[in-house]
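Breakdown of the fold
Residue-level listing of the chains:
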Amino acid sequence: MVVKKPPMGWNSWNTFGYDISEDLVREIADVMVRDGYRDAGYEYLVIDDCWQEPVRGADGRLVPDRKKFPNGMKPVADYVHSKGLKFGIYSCAGVLTCEGFPGSYEHEFTDAAAFAEWGVDFLKYDYCFHPSGFDPATLYRRMGTALANCGRDILFSACSWGADETRKWVKSTGAHMWRATGDLNDSVGGIREHAKMIDRDLKYSAEGSYADFDMLVVGMFGKGNVGVGGCDAEIYRSHFTFWAQLGSPLFIGADIRSIAPEMREVLLDREVIAVNQDECLWQPYEIGGAGWWNPSECPVYCRLLSTGELAIGIYNFGEHDQKLCTPLDRVGLSQGTGKTLVMRDLRTGEIETVLTGVHKTTVPAHSCKLYRCRVVDLDYGPLP
Ligand code: GLA
């Protein structure tokens, strides 16, 4: 199975944790269709940990929790499919999941076969309680191989949190996406720290095997399972834009049944999603920030798009408004090339042409600007 774009969907963990059920899945599926998420590209509806009974059945298979999923998983998957969506589930490479339910260690092929039978399309595969001293690559290769041979296309989402140098071995396991970091909590500090960490892994992210920066906390405002104070709307927009520009899979974690309309608009922003889903994931690179030109909490990233345009994102994760600079020679347009950029701000629609070799803009605290830029001849206009 080849996955050509960063996967998109919804995941139960951030908001619901333990409290998942067949009814919840049905309601979320309905809202994904009704409110336009499916049509914007959010394709997978994933239930995370806590869907299982505490012990395996007599036949060695995982058993869905009898209260939460009284009809088993097949009808749940069928319902999700009937809505034009795909169904995802969770397991763990260890003996137990992070919440203490049975993991898939030494049961990889049995579990992959059950998932295929139930109509599962996506497996998130966690890293808790793995046997110490066991090579992590081997653990993930087992499940990757089991999925690739289970007779159904199942997207493999590895979740080893960037631990044990995940980036260096995970692409040998068959993983279509892989967690580059630990869990993101719903706080300004959490988003800022995650944004700083990501740079390390961007060169390992590529089409078909995407670095995953973790589920989105957009619109949670401190509610749910991972809330540590929550954030303001502006930083949620920056968080979404950053994840999207840099090619992370986009999995909504908020309760979309009751999300604020302004936050729904952020998640459904087609221009930003189009950058994320560009035909090609050329490696995004930092062109300022990190102590070089702009403050370190203000990264500036550029990504070459398949159209020849550049996506330039300027972020202020700090607490003060900042004037931020983007020298065009850093994106290959030194003045000797005779070229410059016409930049379209994807939020406001405003267009500006850079005439000085350096783009400068003021970005308020917690905010960001994402531009889609065309390369044009440098033309100062008629001389006076
Ligand atoms: C780990 C993962 C989370 C979530 C929980 C579930 O912490 O990183 O994304 O899946 O386990 O227990």
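Each value, and the rule that gives it
- Residues numbered from 1 in each chain as written.
- Predicted model: local features only at pLDDT ≥ 70, side-chain atom pairs only at ≥ 80, totals over all residues.
- Heavy atoms only, no water.
- Disulfide = S-S within 2.5 Å.
- Helix = DSSP H or I, 4+ residues; strand = E, 2+ residues; numbered from the N terminus.
- Buried < 20%, exposed > 50% of the residue type's maximum accessible area, 1.4 Å probe, protein only.
- Pairing = 2+ DSSP bridges.
- Axes fitted to C-alpha atoms, helices over the stretch in contact; angles between N-to-C directions.
- Contact = heavy atoms within 4.5 Å.
- Near = heavy atom within 4 Å.
- Polar contact = N/O pair within 3.5 Å; in protein donor to acceptor, adjacent residues only side chain to side chain.
- Areas by Shrake-Rupley, 256 points an atom, 1.4 Å probe, with all protein chains shown as cover.
- Nonpolar A, V, L, I, M, F, W, Y, C, P; charged D, E, K, R; others polar.
- Core = buried A, V, L, I, M, F, W, Y, C linked by side-chain atoms within 4.5 Å.
- Domains from an automatic or database assignment.
- Buried area = accessible area lost by both parts, 1.4 Å probe.
- Salt bridge = Lys/Arg side-chain N within 4 Å of Asp/Glu carboxyl O.

1. A few points about the state of the cysteines
A complete count under the given rule lists one disulfide for this structure. In this model, Cys98 is linked to Cys128 through a disulfide, with the two sulfur atoms separated by 2.1 Å. The chirality of the disulfide connecting Cys98 with Cys128 is right-handed, given an S-S dihedral of about 95°. With a gap of 30 residues between them, Cys98 in the loop between β3 (86–92) and α5 (108–118) and Cys128 in the loop between β4 (122–126) and α6 (136–148) connect regions that are remote in the sequence. Residue classification places Cys98 among the partly exposed positions, given a relative accessible area of 29%. The cysteine Cys150 is free of any disulfide, with Cys92 supplying the nearest cysteine sulfur at 19 Å. For Cys150, a relative accessible area of 17% puts it in the buried group.

2. Comments concerning the sheet that holds strand β8 (residues 210–212)
Strand order in the open sheet made by the eight strands is β8-β6-β5-β4-β3-β2-β1-β10, with parallel pairing throughout. Both edges of this open sheet fall to β8 and β10 (250–252), since each of them pairs with a single strand only. Neighbour to neighbour, the strand axes of the sheet diverge by 25° on average, direction disregarded. As paired strands, β3 and β4 are joined by five bridges and run parallel to one another. Residue pairing in the sheet places Gly88 in a bridge with Phe122 of β4. Relative to the sheet, helix α2 (residues 22–34) contacts β1 (8–11) and β2 (44–46), its axis offset from that of β2 by approximately 155°.

3. As for the site of the ligand
Around the ligand lies a shell of 13 residues, among which Asp48, Asp49, Lys124, Asp126 and Asp183 are the nearest. In the environment of the ligand, an oxygen atom lies 2.8 Å from a nitrogen or oxygen atom belonging to the side chain of Asp126. Contact between the ligand and Arg179: an oxygen atom at 3.2 Å from a side-chain N or O atom of the residue. When the free accessible area of the ligand is taken as 310 Å², the share hidden by the protein chains comes to 93%. Residue composition of the shell around the ligand, grouped by class: six nonpolar, no polar and seven charged.

4. Considerations on the side chain of Arg372
Inspection of the secondary structure assignment puts Arg372 in strand β18 (residues 368–377). Of note is the side chain of Arg372, whose polar atom sits 3.0 Å from the side chain of Glu309. Setting aside chain neighbours within four positions, we find Arg372 in contact with Ala274, Val275, Leu305, Thr307, Glu309, Leu310, Val342, Met343, Arg344 and Leu346.

5. A look at the nonpolar core
Counting residues in hydrophobic clusters, the biggest one holds 110 residues, and the most contacted among them are Tyr37, Tyr42, Trp51 and Phe240. By residue number, the principal contributor to this core is helix α10 (residues 233–245), which donates seven residues. Counting residues domain by domain, this core receives three or more from each of domain 1 (8–276) and domain 2 (285–377). Sequence-distant contacts of Tyr37, that is, excluding residues within four places in its chain, are made with Val31, Met32, Tyr42, Ile252, Ile256, Ile259, Arg264, Leu267 and Leu268.

6. Remarks on the domain arrangement of the chain
The domain architecture assigned to the chain consists of domain 1 (8–276) and domain 2 (285–377). Taking the mean C-alpha position of each, domain 1 and domain 2 sit 31 Å from one another. Every contact between the two is made by 24 residues of domain 1 and, on the other side, 24 residues of domain 2. Between domain 1 and domain 2, a total of about 2000 Å² is buried, with carbon and sulfur atoms accounting for 56% of that surface. Our enumeration of links across domain 1 and domain 2 arrives at three salt bridges. Where Arg344 meets Glu271, a salt bridge forms, and the shortest distance between an N and an O atom there is 2.8 Å. The interface formed by domain 1 and domain 2 holds 15 residue pairs in polar contact (both at pLDDT 80 or more) in total. Counting residues per element, the ones that place at least two in the side of domain 1 that touches domain 2 are α8 (188–197), α9 (199–202), α10 and α12 (270–276). The biggest single contributor to the side of domain 1 that touches domain 2 is α10, with nine residues.

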